[in-house]
Amino acid sequence: SLARQGESGRIIGPLMRVGLNLYGGVSYDMQSSSTKLGAQALTAGPCYAPVYDDRGLVLLTCLDLTAGLMGAATVDRNTNLSHAETFGFGSVGAGLEAVYNLGRHFHLALRAGANVLVAPLVYRGADGGELFRSSRYNGYLALGAGGHF
């Protein structure tokens, strides 16, 4: 719900965001093996807007819940053994977003936040050895410009 008081407005209650993230295929080559990775994830969560001006500044605080699948395939160049695995992952995150509307169709935005994975992502190669292990904690900071209608 958008409540207006004169020329300014504010959002009453949460805004729900839903996003589909597609992470393109990436190859990682080492001397003895080659690994290909890809992933997709679904993110959903509420945002609250303590400041909302559709012709000016919008501040959002958001909670993100993410669930996804990652696929990896490795080929050992020495033995031609291959290993493929698909595994699930999940994370919980929180962030702040500041958007400044430049008229009705363009905006500048600054986003910052942090995520915690439920468990680190671990992938093992064809020989059973660990090829990578992710951190459980990560953060982000993004500045951008965009359009809306």
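Structure's up top.
So, a few notes on the structure that sits alongside this text.

Conventions we followed
- Residues numbered from 1 in each chain as written.
- Predicted model: local features only at pLDDT ≥ 70, side-chain atom pairs only at ≥ 80, totals over all residues.
- Heavy atoms only, no water.
- Helix = DSSP H or I, 4+ residues; strand = E, 2+ residues; numbered from the N terminus.
- Buried < 20%, exposed > 50% of the residue type's maximum accessible area, 1.4 Å probe, protein only.
- Contact = heavy atoms within 4.5 Å.
- Lys, Arg positive; Asp, Glu negative; His and termini not counted.
- Charge placed at Lys NZ, Arg CZ, Asp CG, Glu CD.
- Disulfide = S-S within 2.5 Å.
- Core = buried A, V, L, I, M, F, W, Y, C linked by side-chain atoms within 4.5 Å.
- Pairing = 2+ DSSP bridges.
- Salt bridge = Lys/Arg side-chain N within 4 Å of Asp/Glu carboxyl O.

Some remarks on the overall build of the protein
On a plain count of helices and strands, the protein comes out with zero helices and 10 strands. Starting at the N terminus and walking to the C terminus, you meet the elements of the protein as β-β-β-β-β-β-β-β-β-β. Oriented by its inertia axes, the alpha-carbon framework of the protein measures out at about 75 × 25 × 20 Å. Every one of the 149 residues in the protein was classed for burial, and the buried ones make up 26%. Relative to all contacts within the protein whose residues are 6 or more apart in sequence, the contacts with residues 24 or more apart total 56%. Separation between the mean location of the 11 positive side-chain charges and that of the 10 negative ones in the protein comes to 5 Å.

Quick word on the state of the cysteines
Going through the model one piece at a time under the given rule, you end up with one disulfide. Residue pairing for Cys47: its cysteine sulfur links by disulfide to Cys62, the two sulfurs lying 2.1 Å apart. Between Cys47 and Cys62, the disulfide has an S-S torsion of 110° and is therefore right-handed. On the criterion of sequence distance, the pair formed by Cys47 in strand E4 (residues 33-52) and Cys62 in strand E5 (residues 57-76) is long-range, its members being 15 residues apart. Accessibility assignment for this pair places Cys47 and Cys62 in one class, buried.

Details of the nonpolar core
Ranked by size, the top nonpolar core spans nine residues in total: Ala39, Ala41, Met70, Ala72, Phe87, Phe89, Leu117, Leu121 and Tyr123. In contact with Tyr123, other than residues within four places in its own chain, are Thr35, Ala72, Ala73, Thr74, His83, Ala84, Glu85, Phe87, Gly129, Glu130, Leu131 and Phe132. Counting residues in each nonpolar core, the second largest holds eight residues, with Val58, Cys62, Val99 and Ala109 among its members.

Comments concerning unusual backbone geometry
A positive phi angle, near 60°, is found at Asn80, a position not held by glycine. Residue position: Asn80 is located in the loop between E5 and strand E6 (82-102). The class of Asn80 is exposed, set by a relative accessible area of 62%.

Here we look at the pairing of strand E3 (residues 15-29)
Inspection of the sheet shows E3 paired to E4 by 13 bridges, in the antiparallel sense. When the bridges of E4 are listed, Gly19 appears paired with Thr43. The turn joining E3 and E4, which pair antiparallel and follow one another in sequence, is formed by three residues.

Describing the pattern of salt bridges
On inspection of all chains with the given rule, the structure shows four salt bridges. Arg133 serves as the salt-bridge partner of Glu130, at 3.0 Å between the closest nitrogen and oxygen. Owing to a relative accessible area of 39%, Glu130 belongs among the partly exposed residues under this scheme. Within this structure, Arg17, Glu97 and Arg111 form a network of salt bridges that share partners.

Taken by themselves, the reported measurements are silent on function.
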